[in-house]
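Residues per chain are reported as follows:
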Amino acid sequence: MARGGLRGRGCLVSFIEQHSIDYVPIAERHGKVWHLWPVWFSGDAHLATVATGIVGVALGGNFAWMVIAVIFGSAFGTFFMAFHSTQGPQLGLPQMIQSRPQFGYVGALLVWIVALIAYIGFNSFNQVLAAQTMHALYGVPPGPTLLGFTLLSLVLAVAGYDLIHLAQRYLAYLLIAALMIFTIAVIAKAPLSLVPASSDFRAVPFVAQFFAAAAYQISWSIYVSDYSRYLPRDVGVSASFWWTYFGAFVGGSWTMLVGTVAAALFPKLEVAAAMLAATDSLLPGFGKPLLLCSLMGLVTITSLNFYGASLTLLSVLDSLWPSRPTLAKRLLTLIVAAIAASALAAGAMGNFVAKFEAFLSVLLYLFTPWTAINLVDFYWVRKGHYSVREIFNPHGMYGRWNWRGLLAYGVGFVAMIPFFSTDIYTGPVARWLGGADVAMLVGLPVAALVYIAACRSLDVQEDRRRAEQADAGLDPPLDPPRRADLAEAGPESHTFRGRQRS
């Protein structure tokens, strides 16, 4: 169908993304690869990330060693997340639909259902945190905050990919300024008690903080390529990796360290209250502005979660009842996700945060084997050669159930159980380690090795031949001027010109 701009169409639909889980054709690719860094810098610079930096100090860890744990843990986790980001431009598909070649058309439901629960759960956590923050700052009751926060997040999610990119970009500059002011205040005015003797090393808090930071960063893997899938295919793996890594690592570790400082100065206060008190003690009057900036980041990341929940729910529905994805279906799934998250948040205002942190830890365990399998298949086994058409074929070459992925996932998950450390269950190895959680360090290599072994029986050359044959003519050839226009166009220009319907 012909492309129509805002003037020609004269309706709000011009601003709304038309694609969902379907393939983004080469002719519709746009944007610049550097646009990835503000998406993930802003995606990490908010109150939920601040809470992650508190873990080690809360366990009695030395401030200096907790800073090191945050930085190295974030660097480790972001490594896996950034490699997932590079899959978007190569395939032009959302992250979770890419699981079908590893798990099968129906078998991928295993990870999608867990992802859907994670999205709704994270957003419930974000909504509760926003309500508590507004109540602490201005005495606003939870109800109006939940409603306003959810509606604002939904507007951004409805508009979709381009507006999300644009909002994250402008927000990134504001957050950098706010974090820079806080950092200078810490360097200039922080009490010397924040930096006790570096020899005061405690293994359990250090390990707990390292893996909390790493797991938090890896949790983005379930939807990171959702926000790179419109980029031109020729942006390159290296460029998309490093721009994603740069944004997520700097935004994540920097914001976690705000929590580390706040917890060290005011260890008995809740997250928002500790951040407010710590900032005001270092720079009087700046506590509220910094907290409000973090709250803005919480709004946009909630939008990303709603957007991801919508795509995942559409993937689930497509596996059960194959059908063409439409704008109406995307809007409906957004509303369902918002209602589910809001109901959970409204019903658990009193004791939700403490209990739900353990639940989120379990979800991260569930995604660790998937991360290993998905990356190994993309970079080691199939080397990026997939059939887009066969991914959407319920009786296609990837099958309905893929025993290789399911076996590797099951073995990887079971191998982690003795290392689990949560309020719900603590494994024998975790107890021996004093409660330190290193399950992810076990699950990643075990799942990867089992999957590689299982794929020895896969005829990779035949798999590639069938994929190329199935996708013949998927994209018509582009003339050189059009190719250059796609490489130069930014997301904002594409949004307001309108987008071709899928």
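Residues numbered from 1 in each chain as written. Predicted model: local features only at pLDDT ≥ 70, side-chain atom pairs only at ≥ 80, totals over all residues. Heavy atoms only, no water.

Caption draft 1: Seen up close, the nonpolar core. Formed by 139 residues in total, the largest nonpolar core has its most connected members in Trp40, Tyr227 and Leu298. With 15 residues, helix α14 (residues 287–320) is the largest single contributor of residues to this core. Contacts of leucine 298, omitting those with residues within four sequence positions, involve His46, Leu47, Ala48, Asn126, Leu129, Ala130 and Phe149. (Core = buried A, V, L, I, M, F, W, Y, C linked by side-chain atoms within 4.5 Å. Buried < 20%, exposed > 50% of the residue type's maximum accessible area, 1.4 Å probe, protein only. Helix = DSSP H or I, 4+ residues; strand = E, 2+ residues; numbered from the N terminus. Contact = heavy atoms within 4.5 Å.)

Caption draft 2: Structural detail: the packing of helix α5 (residues 63–85) against helix α12 (residues 237–265). It is at 8 Å that the axes of α5 and α12 come closest, and there the two elements cross at 155 degrees. Judged by the angle between their axes, α5 and α12 are roughly antiparallel. As α5 runs across α12, the sense of the crossing is right-handed. When grouped by side-chain class, the residues that make up the contact of α5 with α12 number 18 nonpolar, eight polar and no charged. (Axes fitted to C-alpha atoms, helices over the stretch in contact; angles between N-to-C directions. Parallel < 35°, antiparallel > 145°, perpendicular 65-115°, else oblique. Left-handed = near helix turned anticlockwise from the far one by under 90°. Nonpolar A, V, L, I, M, F, W, Y, C, P; charged D, E, K, R; others polar.)

Caption draft 3: Main features of the packing of aromatic side chains. Tallied over the full model, the rule gives 33 aromatic pairs. Relative to tyrosine 409, the ring of phenylalanine 103 has its centre 6.3 Å away and its plane inclined at 75 degrees; by these criteria the two rings are edge-to-face. Of the two residues, phenylalanine 103 sits in helix α7 (residues 100–103) while tyrosine 409 sits in helix α18 (residues 403–416), which places them 306 residues apart along the sequence. For the residue pair phenylalanine 103 and tyrosine 409, the accessibility class agrees, reading buried in each case. Between the aromatic rings of phenylalanine 241 and tryptophan 242, the centroid separation amounts to 4.9 Å while the plane-to-plane angle is 90 degrees, which identifies the pairing as edge-to-face. Of the residues examined, phenylalanine 241 reaches a relative accessible area of 5% and is grouped as buried. (Phe/Tyr/Trp six-rings, centres within 6.5 Å; stacked < 30°, edge-to-face > 60°.)

Caption draft 4: Looking closely at the environment of leucine 311. With respect to the helices and strands, leucine 311 occurs in helix α14. Residues leucine 311 and tryptophan 112 lie 199 residues apart in sequence; the distance between their C-alpha atoms is 9.8 Å. Once you skip the residues sitting within four places of it in the chain, leucine 311 turns out to touch Ser20, Ile21, Pro94, Asp226 and Arg229.

Caption draft 5: Inspection of empty space enclosed by the protein at higher detail. Within the structure shown, the criterion is met by five cavities of 30 Å³ or more. As a volume, the second largest cavity reaches approximately 50 Å³. What lines the second largest cavity is simply Ala45, His46, Leu175, Ala178, Leu179, Thr255, Met275, Leu290 and Ser294. Taken together, the residues of the lining of the second largest cavity break down into six nonpolar, three polar and no charged. (1 Å grid on protein atoms, 1.4 Å probe; cavity = no way out; pocket = protein on both sides within 12 Å on 5 of 7 lines; lining within 4 Å. Points joined across faces, edges and corners; volume = space filled by probe spheres on them.)

Caption draft 6: Inspection of a nonpolar patch on the surface at higher detail. A cluster of nonpolar residues, Trp34, Tyr170, Tyr173, Trp243 and Phe246, forms a patch on the protein surface that exposes about 540 Å² of accessible area. Taken together, the elements giving at least two residues each to the nonpolar patch come down to α10 (161–189) and α12. Mapped onto the fold, tyrosine 170 is located in helix α10. Of the residues examined, tyrosine 170 reaches a relative accessible area of 58% and is grouped as exposed. (Patch = residues over 30% accessible without salt bridge, like charges linked within 9 Å, V, L, I, M, F, W, Y side chains within 5 Å. Areas by Shrake-Rupley, 256 points an atom, 1.4 Å probe, with all protein chains shown as cover. Salt bridge = Lys/Arg side-chain N within 4 Å of Asp/Glu carboxyl O.)

Caption draft 7: Summary view of the pattern of salt bridges. Tallied over the full model, the rule gives five salt bridges. Across the pair arginine 100 and aspartate 318 runs a salt bridge whose closest N-O atoms are separated by 2.9 Å. Taken together, the positions of arginine 100 in helix α7 and aspartate 318 in helix α14 put the pair 218 residues apart, joining distant regions of the chain. Under the relative-accessibility criterion, aspartate 318 is labelled buried at 7%. With its nearest N and O atoms 2.8 Å apart, the salt bridge here joins aspartate 377 to arginine 382. Here aspartate 377 and arginine 382 have matching classes, each one buried. Three or more residues joined by partner-sharing salt bridges are found here, namely Asp377, Arg382 and Asp463.

Caption draft 8: Just the confidence of the model for the protein chain, in detail. Summary statistics for the protein chain give a mean pLDDT of 84 and a share of 88% for residues scoring 70 or more. When pLDDT is averaged over each helix and strand of the protein chain, the minimum, 36, is found for helix α23 (residues 491–497) and the maximum, 96, for α18. Every residue in residues 1–12 scores below 50 in pLDDT, and together they form 25 contacts with partners more than four places removed in sequence or on other chains. (pLDDT = per-residue confidence, 0-100.)

Caption draft 9: Structural view of unusual backbone geometry. The phi dihedral of lysine 383 is positive, around 50 degrees, even though this residue is not glycine. Inspection of the secondary structure assignment puts lysine 383 in the loop between α16 (352–381) and α17 (388–391).

Caption draft 10: View of the environment of leucine 109. Assignment of secondary structure puts leucine 109 in helix α8 (residues 109–138). Judged by relative accessible area, leucine 109 falls into the buried class, the value being 13%. Each C-alpha atom of the pair leucine 109 and threonine 312 lies 9.5 Å from the other, and the pair is 203 residues apart in sequence.

Caption draft 11: Inspection of the side chain of glutamate 390 at higher detail. Examined against the element boundaries, glutamate 390 turns out to sit in helix α17. In this structure, glutamate 390 is buried with no salt-bridge partner, the nearest side chain bearing the opposite charge being arginine 466 at 5.0 Å. Excluding residues that lie within four positions of it along the chain, glutamate 390 makes contacts with Gly396, Met397, Tyr398 and Ala470. (Lys, Arg positive; Asp, Glu negative; His and termini not counted.)

Caption draft 12: Broad picture of the packing of α10 against α14. For the pair α10 and α14, interaxial distance at closest approach is 10 Å and the crossing angle is 155 degrees. Here α10 lies roughly antiparallel to α14, going by the angle between them. Regarding α10 and α14, the two cross each other, and that crossing is left-handed. Note on element contacts: α14 touches α10 through Leu290, Cys293, Ser294, Met296, Gly297, Thr300, Leu304 and Tyr307, opposite Tyr161, Ile164, Gln168, Leu171, Leu174, Leu175, Ala178 and Phe182. Counted by class, the contact of α10 with α14 contains 12 nonpolar, four polar and no charged residues.

Caption draft 13: Representation of the environment of isoleucine 16. On the secondary structure map, isoleucine 16 appears in the loop between α1 (6–9) and α2 (36–44). Spatially, the C-alpha atoms of isoleucine 16 and leucine 163 are 8.7 Å apart, while their sequence positions differ by 147 residues. For isoleucine 16, the contacting residues outside a window of four places in its chain are Val158, Ala159, Leu327 and Arg330.

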